[in-house]
Amino acid sequence: MSAARQTGVAVTGSVTDAPPARRGSAPSGPADSAFGRLVGEPFAALHGLLGRPLASYYLLVASAGLLLVIGLVMVFSATSVPSFDSQQSAYAGVQQQGLWAAVGVLAFWVAQRLPTRTYRFLGLPLMVVCLLFALVLVLFPAGQVGPVGTNLNWITIGSIQFQPAELGKLALVWWGADLLVRRGDSVTKWKRLAMPLFPVTALLFLLVGMNDLGTMLCMLLVFLGLLWVTGVRFRVFAGLFGVALAGVVVLIAEQSYRLERILSFTHAAKATGCTSADSIQGPCWQSTQGMYALADGGWFGLGLGQGRQKWDWLPEAHNDFIFAIIGEELGVVGCVVVLALFAVLAYAGLRIARRVDDPFRRTVAAACTLWLAGQAVINIGAVVGLLPITGVPLPFISAGGTALVVTLTAIGMLASFARTEPDAARALHARAPSRLVRLLWVPLPPLPGSTRPTTPPARSRPAGGKPGVRATRGRTAGSSRTETRRRRPGPRTGSRTTTGKERR
């Protein structure tokens, strides 16, 4: 008789006969399952959204688009009072920025349609043009020859004014990435890396840094990003950091106002700094008024358009210190939204750099992401008092035509790279959008591996061989062709019949 029958217990598959729970384990009840669903379902949904093939593309375009809209709204709020005072129209500033935004959207559309070889081809010519423009600005900081004029960092041609240093960022990204990718594994060698990358980059930094130190620091971030992605050794980074630090010190000492900004930052960092009337009215004025704007905003702000610091209290409220106006009118909530959008943009850029297969796309995506995120950190850090004031605009948000167009061009390029991710390319080809959509928006990316067939043609396969294995060529050791060449010429023997041509 079995043990079950002796004890009188029926052996069944019911839940009541399950083994008892372990000691120390909490019993699972309705409350625990509800809490698990409340916490786990949003994360599962987010994981599912991020797992979609085109998640990188949508995250990038959505974050950039929202930042652009916020920028237009805040430029209108920050420039309404000065524009009405000078031009009797509160819409003059935002109209100009909206025009540049339209040009930037067109540049975004063009950039995401261009193939990768176009960017690699445009790198060197654009670098040469930027070096020439920077040299002209250094030699003639304020001049006028017919319709062409210079004003420190800007070149004016008729009614169009642009900043060549912003174009230098794109030139450095394209030319530097193409050069490093062509070097391949030899980037670990100092001599192969130094020429011509280091001399040309040093010349660009010097020409730009003499008039615009903040833009030069952004270019330095781009350069370090290029070297980091391509796998340059740490000792090269250490050497470049020492040289760059010495160059920055020289450029700061060369201009007195830069030294005043550094000293005002050290005063503002102290508890008793920037409290005297002389310091507040002098070098600490801008940083102090920015702090007042952030303090007045509180958690939810004074309301859109209700800020007081833009009434000629805060210098460059529409440009370098527009984040202070965001904090004053939208409060901490508005600042957190802007920071979250920049975080999403940085995540999307690094995600693209990690997923694409082409080394050039990977290098350019990482460098552009570091450029945009680093420039945002420099600008916001200066506004909140964590970094010295360098005059760097906030991407997408600050007023400025050249910076906005160049930034949207970089976003369009990243969007085209996001569509070339292997999963994204397969999904787009499977979806098969209409020809009108491909014509008006963007063409289909190439399928992964479409330009490199995995199986060779049938004529290159050996007789009876396996697919994917090339036939051995004549000079391979041990082949019949080589053995035939090694034989001495002699009379042919065998059962082969000769034709009429051979007899002749």
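The shown structure was predicted, so the numbers you read here are calculated from the model rather than taken from an experiment.

1. Side note on the overall build of the protein chain
For the protein chain, the helix and strand inventory stands at 20 helices and four strands. A burial count over the protein chain gives 40% of its 504 residues as buried. Taking contacts inside the protein chain between residues at least 6 apart in sequence as the whole, the part at least 24 apart equals 68%. Just so you have it, the protein chain exposes about 29,300 Å², and 64% of that area is on carbon and sulfur atoms.

2. Notes on the pattern of salt bridges
Inspection of the entire model under this criterion finds five salt bridges. Two residues, D178 and R182, come together in a salt bridge whose shortest N-O distance is 3.0 Å. Highlighted residues: D178 and R182, both in helix α6 (residues 164-183), separated by four residues, approximately one helical turn. The salt bridge partner of E329 is K310, with a shortest N-O separation of 3.2 Å. With E329 in helix α14 (residues 322-355) and K310 in the loop between α13 (285-297) and α14, this pair connects stretches of sequence that are 19 residues apart. On the basis of relative accessibility, which here comes to 5%, the residue K310 falls in the buried class. Where salt bridges share partners, they join R120, D178 and R182 into one cluster.

3. Points about the packing of α13 against α14
Two numbers describe how α13 lies on α14: the axes approach to 6 Å, and their chain directions differ by 20°. Considering the angle they form, α13 stands roughly parallel to α14. For the crossing formed where α13 meets α14, the hand is left-handed. Touching G290, A293, L294, D296 and G297 of α13 are F323, A324, G327, E328 and G331, all from α14. Residue classes in the contact of α13 with α14 are distributed as four nonpolar, four polar and two charged.

4. Thoughts on the side chain of T116
Looking at the element boundaries, T116 is found in helix α5 (residues 116-139). Looking at T116, its side chain comes within polar contact range of the side chain of R361, at 3.0 Å. Setting aside its immediate chain neighbours within four residues, T116 contacts D358, F360, R361 and F417.

5. A look at the pairing of strand β3 (residues 154-157)
Both strand β2 (residues 148-151) and β3 contribute to a ladder of four bridges, which runs antiparallel. Each bridged residue has a counterpart across the sheet, and for N151 the counterpart in β3 is W154. Two successive antiparallel strands, β2 and β3, enclose a turn made up of two residues, where L152 displays a positive phi of approximately 65°. Between β3 and strand β4 (residues 160-162), which pair antiparallel and follow one another directly, the connecting turn spans two residues, one of which, G158, has a positive phi of 70°.

6. Concerning the sheet that holds β4
In spatial order, the strands read β1-β2-β3-β4; together these four strands make up an open sheet with antiparallel pairing. Both outer strands of the open sheet, β1 (142-145) and β4, are each paired with one neighbouring strand and no more. Each neighbouring strand pair of the sheet contributes to a mean axis angle of 15°, computed without reference to strand direction. Running at roughly 100° to β3, α5 makes contact with β2, β3 and β4 of the sheet.

7. Some words on the UniProt feature "transmembrane region" (unreviewed entry) in the protein chain
Within the UniProt annotation, "transmembrane region" (unreviewed entry) is assigned to residues 57-78, 90-110, 122-142, 202-229, 236-253, 321-348, 369-390 and 396-418. Across residues 90-110 one finds 90% helix and 0% strand; the C-alpha atoms that close the span lie 32 Å apart. Span residues 369-390 is 68% helix and 0% strand, its end C-alpha atoms 20 Å apart.

8. Considerations on the side chain of Q309
Examined against the element boundaries, Q309 turns out to sit in the loop between α13 and α14. Residue class for Q309 comes out buried when judged on its relative accessible area of 8%. Leave out the neighbours within four places in its chain, and Q309 touches Q289, Y292, A293, D296, L314 and E328.

9. Details of the environment of A165
Relative to the helices and strands, A165 resides in helix α6. Classification of A165 as buried rests on a relative accessible area of 12%. When the C-alpha atoms of A165 and L204 are compared, they prove to be 9.2 Å apart, with 39 residues separating the residues in sequence. In this structure, A165 is in contact with V208, T215 and M219, ignoring residues within four places of it in sequence.

10. Digging into the packing of aromatic side chains
Scanning the entire structure with this criterion turns up seven aromatic pairs. Between Y57 and Y58, the aromatic rings sit 5.7 Å apart at their centres with planes inclined by 75°, giving edge-to-face as the arrangement. For Y57, a relative accessible area of 7% gives the class buried. Measuring from ring centre to ring centre gives 5.4 Å for F76 and Y91, while their planes differ by 15°; the resulting arrangement is stacked. Taken together, the residues F76 in helix α3 (residues 55-87) and Y91 in the loop between α3 and α4 (92-111) connect sequence positions 15 residues apart. Assessed through its relative accessible area of 31%, F76 is described here as partly exposed.

11. Points about α6
A rise of 1.5 Å per residue sets the reference length of α6, with its 20 residues, at 28 Å; its end C-alpha atoms lie 28 Å apart and thus fit the reference within 8%. Most of α6 is tucked away, with 17 of its 20 residues classed as buried. A positive phi of about 70° marks G184, the residue just after α6.

12. As for the environment of V128
For V128, the position within the fold is in helix α5. Sequence separation of V128 and V200 is 72 residues, and the distance between their C-alpha atoms is 9.6 Å.

13. Topic: a nonpolar patch on the surface
Side chains of W299, F300, V332, V333, V336 and V337 sit close together on the surface and give an oily, nonpolar patch of about 620 Å² of accessible area. With respect to the helices and strands, W299 occurs in the loop between α13 and α14. The class for W299 is exposed, based on a relative accessible area of 62%.

14. Describing the pairing of β1
Successive residues of a regular strand alternate their side chains across the two faces of the sheet. By the bridge criterion, four bridges tie β1 to β2 in an arrangement that is antiparallel. Among the inter-strand pairings, A142 is bridged to a residue of β2, identified as N151. The antiparallel hairpin formed by β1 and β2 contains two residues in its connecting segment, where G146 sits at a positive phi of about 65°.

Each value, and the rule that gives it
Residues numbered from 1 in each chain as written. Predicted model: local features only at pLDDT ≥ 70, side-chain atom pairs only at ≥ 80, totals over all residues. Heavy atoms only, no water. Helix = DSSP H or I, 4+ residues; strand = E, 2+ residues; numbered from the N terminus. Buried < 20%, exposed > 50% of the residue type's maximum accessible area, 1.4 Å probe, protein only. Contact = heavy atoms within 4.5 Å. Areas by Shrake-Rupley, 256 points an atom, 1.4 Å probe, with all protein chains shown as cover. Salt bridge = Lys/Arg side-chain N within 4 Å of Asp/Glu carboxyl O. Axes fitted to C-alpha atoms, helices over the stretch in contact; angles between N-to-C directions. Parallel < 35°, antiparallel > 145°, perpendicular 65-115°, else oblique. Left-handed = near helix turned anticlockwise from the far one by under 90°. Nonpolar A, V, L, I, M, F, W, Y, C, P; charged D, E, K, R; others polar. Polar contact = N/O pair within 3.5 Å; in protein donor to acceptor, adjacent residues only side chain to side chain. Pairing = 2+ DSSP bridges. UniProt positions renumbered as here; feature names shortened; annotations may be inferred. Phe/Tyr/Trp six-rings, centres within 6.5 Å; stacked < 30°, edge-to-face > 60°. Expected span 1.5 Å × (residues − 1). Patch = residues over 30% accessible without salt bridge, like charges linked within 9 Å, V, L, I, M, F, W, Y side chains within 5 Å.

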